[in-house]
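Given next are the chains, with one letter for each unit.
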Amino acid sequence: MFRSIKWRLILLYILLIVVAMQFTSFYLLEGIEQDYLEEARISLRTSGAQLVRVLEAEFKRGPYTRELAEGLISEFRPRNDDTLVLLVSPDGQALVASGKEADSYRGLNVLGDLPILADPLGRNESADAEWDDINDRKYLSLGVPITGQIAEGTKQHEVRALYIREPLDNTYRILGDVQRRLLNATLLAIAVTVVLGSLAAQTITSPIQEITSKVTSLAEGKFDIEVKVKSGDEIGKLAQVFNYLTAQLRATLTELRNDKTKLEAILTQMTNGVIALDMHGAVIHANIRARDMLGITHDVTTDILLEKLNLGSFDRLIQGSGPKVVEVHLNTPYEISVRSHAAPFHSAQGDISGAIIVLQDITEEERLEQMRREFVANVSHELRTPLTTIKSYTETLLTGALESKELAGRFLTVINDEADRMERLVKDLLTLSQLDYQAATLIKRPTLLDELILDVADKLSFSAQKRGLRFRTNFPEEVPPVLANADKVEQILVNIMSNAIKYTFDGGDITVSIDIAPDQVRVGILDQGPGIPKEDQARIFERFYRVDKARTRELGGTGLGLAIAKQIVEAHGGHIGINSQTGKGTEIFFFLPRLSTQVGGQVS
Ligand SMILES: Nc1ncnc2c1ncn2[C@@H]1O[C@H](COP(=O)(O)OP(=O)(O)OP(=O)(O)O)[C@@H](O)[C@H]1O
Ligand SMILES: [Mg+2]
């Protein structure tokens, strides 16, 4: 209970009151007591002197008996029966005694009991009335010298001192009364203090209680709270500061939340995987991409993770000086090549607080690199073969074959063919590289595909006829124009149709069809050749890819025709594909966008 400010304040008030009242009582009572005692002393001395005068006058008149003296004294006795008056002989005997207790003193030697009598008996003046405390009762006593004689029968006894002892009951009753009143006042003040103090404390503690309860809500995460500012004092200021604090916290929190959402959005949208580990090696965060790349469906332990990525132990990772870069090939559900950069990250204080692993999907990069290597190898190989032939035939000619006209003629024909082949190859490579760089600047005009197909068929009719092949067409009545570069589209057609001629069995049909789709035109070239096995179908559009290398080389193919066709189709915003069944034939088809849909296209 006394832990609360309210009760402590009340206790303090009570203590203050008690202390104040104590001091007040002490000084007040002390003062009153002194005053009363002084007054009592004076009155005792006065009555002592009077009694001495009266008695001495009586004594002078003649022999005076004890009974007479006692009668006189009891008449004169200043206050009441409780006052003891003694007349004492020089040797200390109480000759006369008056008052309630007179019997216990009369005739006895009182000098031992009443040392105050020493002075008057010695004929000295009495100094002052003295304060006496007998059996818890307070008295004031006085010893005064007196001269006279008391007659007892024939004997005369000399009287030397008068002793008066008066109880101070009245004084102490008044003092006790004052003390009681002061105590009552103190108790009343305490009672009032408890009530008023608790009200006063309430005004201080209730805003503090309110703030405390709001702070508790704040700690529980409720930030939309406000304390009512009721006063301009320190507590009012505290409430103001508290409101400012919550507003500030709210703003910071919103900012943090926004940042977090932003960060989460960035992490979610990233094409790279990101994994964050805390300083104990536990996974704090793994974005969707990272989970996808690693094939994580549930929580994964760091050890497994690091082992998968071949990053070594977590301790070595965070103790390492720089980032660690490792490339691994994963078989998550699908094949993927991942390059991981792992590095420790530091807190604002500069301590290591965990590690970040960034995963980069390098599958495509690796594929392109692989393609580039293959391409260079293929080009070198394709160029070397005819060169070797030319070189060996030339050497043979130089070493004497020139002599034989017939031999020289045959050799030169071979050399010429091989040079043609090289020329074709170089031309194709040039076309491809031009397409790589100039696809965007291809000049396109409205082009009629049916006319173009018939043109190409015408140009190829000689080689077709040689093999006994027939071109058939399957065109709709009206063919809408496409926006295309006619030369390039002609090259597509030549490449595809010459393949059809090359690979179709003698005497077969080659059907070229046109189909109109809502926004594109489809051209299909169907032959009756051997077909292309399923596993090769996806790859025949790659550069230098040939299904049967030996046979196609024999037919003069380098494997660039379809790659060029694909490149051109794509440069037109279309796509190319294949339908083929081994033993039945092959259809190579491509789509080109229709003119009407090419509003934004480049028409010139
Ligand atoms: N109509 C077809 N029937 C069967 N196989 C085909 C057909 N068209 C293409 N191919 C296969 O696809 C491969 C790639 O064709 P592509 O036209 O790119 O090269 P190529 O004909 O060998 O050489 P190039 O056309 O450069 O002289 C060919 O080598 C062949 O194996
Ligand atoms: Mg070809």
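In this text the structure is predicted, and so the values were computed from the model without any measurement.

**Some words on the site of ligand 1**
So, point 1. Around ligand 1 there are 18 residues in total, and N499, K502, D527, T558 and L562 lie nearest to it.
So, point 2. At a separation of 3.3 Å, an oxygen atom of ligand 1 approaches a polar side-chain atom of Y503.
So, point 3. In the environment of ligand 1, an oxygen atom lies 3.0 Å from a nitrogen or oxygen atom belonging to the backbone of T558.
So, point 4. Relative to its unbound accessible surface of 590 Å², ligand 1 loses 93% to contact with the protein.
So, point 5. Those elements that provide at least two residues to the shell around ligand 1 are α12 (486-503) and α15 (561-571).
So, point 6. Looking at the shell around ligand 1 element by element, the count peaks at three residues for α12.

**Examining α12**
So, point 1. Here α12 is 18 residues long and its end C-alpha atoms lie 25 Å apart, about the 26 Å a rise of 1.5 Å per residue gives.
So, point 2. All of the buried residues in α12 are K488, V489, E490, I492, L493, N495, I496, M497, N499, A500 and I501.
So, point 3. Where α12 starts, the residue carrying a side-chain oxygen 3.2 Å from the main-chain nitrogen of D487 turns out to be N485.

**So, the confidence of the model for the chain**
So, point 1. With 95% of its residues at a pLDDT of at least 70, the chain reaches an overall mean of 87.
So, point 2. Of all the helices and strands in the chain, helix α14 (residues 549-554) carries the lowest mean pLDDT, 69, while strand β15 (residues 520-526) carries the highest, 96.
So, point 3. A low-confidence stretch, residues 597-604 stays under pLDDT 50, and its non-local contacts, those more than four residues away or across chains, total 14 contacts.

**Points about the sheet that holds strand β17 (residues 585-593)**
So, point 1. Read from one edge of the open sheet, five strands run β12-β14-β15-β17-β16, paired in mixed fashion. Looking along the sheet, the strands with just one partner apiece sit at the ends: β12 (470-474) and β16 (575-581). Averaged over all neighbouring strand pairs, the angle between strand axes comes to 15°, with direction disregarded.
So, point 2. Bridge count between β15 and β17: seven bridges; the pairing is antiparallel. Its bridge partner being in β17, G524 is matched across the sheet by F589.

**What about the pattern of salt bridges?**
So, point 1. Per the stated rule, a full pass over the model turns up 36 salt bridges.
So, point 2. The closest approach of N and O atoms between K262 and D259, which form a salt bridge, is 3.7 Å. With K262 and D259 both in helix α5 (residues 234-269) and three residues apart, this pair spans about one turn of that helix.
So, point 3. Classification of K262 by relative accessible area gives exposed; the value is 52%.
So, point 4. In this structure, the salt-bridge partner of D509 is R470, at a minimum N-O distance of 3.0 Å. One end of the pair, D509, is in strand β14 (residues 509-516); the other, R470, is in strand β12, and 39 residues separate them in sequence.
So, point 5. Look at D509 and you get buried, because its relative accessible area is 14%.

Calculation notes
- Residues numbered from 1 in each chain as written.
- Chains lettered and ligands numbered in written order.
- Predicted model: local features only at pLDDT ≥ 70, side-chain atom pairs only at ≥ 80, totals over all residues.
- Heavy atoms only, no water.
- Near = heavy atom within 4 Å.
- Polar contact = N/O pair within 3.5 Å; in protein donor to acceptor, adjacent residues only side chain to side chain.
- Areas by Shrake-Rupley, 256 points an atom, 1.4 Å probe, with all protein chains shown as cover.
- Helix = DSSP H or I, 4+ residues; strand = E, 2+ residues; numbered from the N terminus.
- Expected span 1.5 Å × (residues − 1).
- Buried < 20%, exposed > 50% of the residue type's maximum accessible area, 1.4 Å probe, protein only.
- pLDDT = per-residue confidence, 0-100.
- Contact = heavy atoms within 4.5 Å.
- Pairing = 2+ DSSP bridges.
- Axes fitted to C-alpha atoms, helices over the stretch in contact; angles between N-to-C directions.
- Salt bridge = Lys/Arg side-chain N within 4 Å of Asp/Glu carboxyl O.

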